[in-house]
Amino acid sequence: MEEQLITNVEVDEAEAKRVRKEKLDGLVSAGQDPFTITAFDKTHLSAQIKADYDSLEGQTVRLAGRMIGKRIMGKASFAHLLDGEGTLQFYVRRDDIGEEEYRAFKQMDIGDIVGIEGFVFKTKTEEISVHVQRLVLLAKSLLPLPEKYHGLRDTDLRYRQRYVDLIANPEVKNTFVLRSRIITEIRRMLNEEGFIEVETPILNTVAGGATARPFITHHNTLDIDMYLRIAPELYLKRLIVGGFEKVYEIGRLFRNEGMDVTHNPEFTTIELYQAYVDFNAMMDISERIFHNIAKNVLHADNITYQGTELQIAGKWKRQSMNDAVLEYTGVDCLSLDVQGIYDACREKGLELEPGLSWGKAMAALFDTYVEENLIQPVFIYDYPVEISPLAKKKPSDPRLTERFEIFIVGHEFGNAFSELNDPIDQRERFMAQARARAGGDEEAQMMDDDYVTALEYGLPPTGGLGIGIDRMVMLFTDNYSIRDVLLFPTMKPRK
């Protein structure tokens, strides 16, 4: 008997939709509209049947999912079902389901959602399958899956139509399953350590807590402009003032900035604050978060990212920003004034933007010549005060702050401070930021009088930490672009 192989062919999408719509119209006219079906009582998923075949062989099961392949062979056919945990073959025979139902099955299209009931068996080729006794069309697919949808690589289509991407590329779904498990593991660890998860406003009257350009919206009832939050920091520290000693929030932030492989305008972070500790404690917590994810989610001590093995387990390197700049440029910023830094750069052939302050000059050298070299996990600490308006000054050198950032594979993954709790110093720094903003710096922070008032009631010594969840997921799932770990990344609309 000659075998007929049913595959997707390159046909005009509009024509394919017309043909499928005619099939749907026929079903509706015959009183068999699939969209009137409200539920299907499943008993198993495909992965369960494969894992428990020995106990399920010969047993009746019910599954539902998308039909992603069909092979017609006269009076009997094979097809494949894609459900929430994988794929499974099913076998349909005319003599089992009846001639009319079998004819209806042959009219079904790749992509249709079906429910099947039958007994578990193995074919002659030892493939675990379901021998169908009943088959129900649950939803009609009016658009065909893309040609050669297995292994779909059109990134624009994948990001715009993630629902197609998830069908076409099973590994994509695994990325987002791992993302969920990573966030669950972070919550588990912090909850066990006594942290309380809280929620703070996304609509803010002041865009504070970070150096970034905000998105602006308008509140009609109050008739005021508001900002989508760029950070929850100032609200979380208000809670420390109010008596909470350990708080955290996992949530969405919004920054009206550039887009590249590590930046998206909306992104997810975790921020946590603990009273009576400093930034050294935040280093310890950071290590525990990353270690626990590697151990409990990936079941590994170390990981490989884009071909580079990373030592996640154990203590991470801790290096001051000045020492890192000295190592990679030969410029010792701490021993020089700002003019001395510029002179040293000229001697060494290093380019540095003119007109920078001392702290911004050191930070610029770090960004340009150091950051890309930081492959293994490292804490870079002692940041200049000019770029750290919310961090406590270093007692031994007031030019610097007790702040660190986490760097892995040349990218920043986290930011932490010994939090500034002096309300007088904080007001002065806000004023300096406000002057910079008035001078045209759209990323400078705004004056937040209420936050200063909170500090005047007394903020205990506090350590604070923020980690970018999206970049963390990129790292642990070995994805190069942030768009690959966001279900629906920001895209420019098609014309």
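Structure's up top.
This report concerns the structure included in the present document. Everything quoted here is computed from the prediction, not taken from an experiment.

1. Some words on the overall build of the protein chain
Step number 1: In terms of helices and strands, the protein chain carries 16 helices and 20 strands.
Step number 2: Against the 2.2 N^0.38 benchmark of 23 Å for 495 residues, the protein chain shows a C-alpha radius of gyration of 29 Å, more extended than a compact globule.
Step number 3: Judged by the C-alpha coordinates and their principal axes, the protein chain covers about 90 × 55 × 45 Å.
Step number 4: Sorting the 495 residues of the protein chain into buried and exposed places 48% on the buried side.
Step number 5: Here the contacts in the protein chain between residues at least 6 apart in sequence split such that 65% fall between residues at least 24 apart.

2. Some points on the nonpolar core
Most often, soluble globular proteins have nonpolar side chains that are buried together.
Step number 1: Counting residues in each nonpolar core, the largest one holds 43 residues, and the members touching the most others are Phe290 and Leu475.
Step number 2: No other element matches helix α10 (residues 279-296), which puts 8 residues into this core.
Step number 3: Setting aside anything within four residues of it in sequence, one finds Leu475 in contact with Phe290, Ile303, Tyr305, Leu310, Ile408, Val409 and Phe413.

3. A few points about a nonpolar patch on the surface
Step number 1: A grouping of Leu166, Leu487 and Phe488 is seen on the molecular surface, where their side chains present a nonpolar patch of about 280 Å² in accessible area.
Step number 2: In this fold, Phe488 is placed in the segment after α16 (469-477).
Step number 3: Exposure remark for Phe488: the relative accessible area of 59% places this residue in the exposed category.

4. Describing the pairing of strand β10 (residues 224-228)
Step number 1: Pairing of strand β8 (residues 203-204) with β10, which is carried by 2 bridges, proceeds in the antiparallel orientation. Paired with Leu203 across the strands is Leu228, a residue of β10.
Step number 2: Looking at chain direction, strand β9 (residues 216-219) and β10 are connected through 4 bridges and run antiparallel. By the bridge assignment for β10, Thr217 is matched with Met226.
Step number 3: As consecutive antiparallel partners, β9 and β10 are separated by 4 residues, and within that stretch Asp223 has a phi angle of approximately 55°, a positive value.

5. Some points on the side chain of Asp109
Step number 1: Residue position: Asp109 is located in the loop between α5 (99-107) and β5 (113-122).
Step number 2: We classify Asp109 as buried; its relative accessible area is 12%.
Step number 3: Among the polar contacts made by the side chain of Asp109, one reaches the side chain of Lys23 at a distance of 2.8 Å.

6. Digging into helix α13 (residues 358-369)
Step number 1: The end-to-end C-alpha distance of α13 is 17 Å, a good match for the 16 Å that 12 residues give at a rise of 1.5 Å each.
Step number 2: Buried residues of α13: Trp358, Gly359, Ala361, Met362, Ala363, Ala364, Leu365 and Phe366, and no others.
Step number 3: Where α13 is buried, its residues meet α11 (321-329), α12 (338-348), β16 (378-384) and β18 (397-408).

The rules behind these values
- Residues numbered from 1 in each chain as written.
- Predicted model: local features only at pLDDT ≥ 70, side-chain atom pairs only at ≥ 80, totals over all residues.
- Heavy atoms only, no water.
- Helix = DSSP H or I, 4+ residues; strand = E, 2+ residues; numbered from the N terminus.
- Rg over C-alpha atoms; globule rule 2.2 N^0.38 Å.
- Buried < 20%, exposed > 50% of the residue type's maximum accessible area, 1.4 Å probe, protein only.
- Contact = heavy atoms within 4.5 Å.
- Core = buried A, V, L, I, M, F, W, Y, C linked by side-chain atoms within 4.5 Å.
- Patch = residues over 30% accessible without salt bridge, like charges linked within 9 Å, V, L, I, M, F, W, Y side chains within 5 Å.
- Areas by Shrake-Rupley, 256 points an atom, 1.4 Å probe, with all protein chains shown as cover.
- Salt bridge = Lys/Arg side-chain N within 4 Å of Asp/Glu carboxyl O.
- Pairing = 2+ DSSP bridges.
- Polar contact = N/O pair within 3.5 Å; in protein donor to acceptor, adjacent residues only side chain to side chain.
- Expected span 1.5 Å × (residues − 1).

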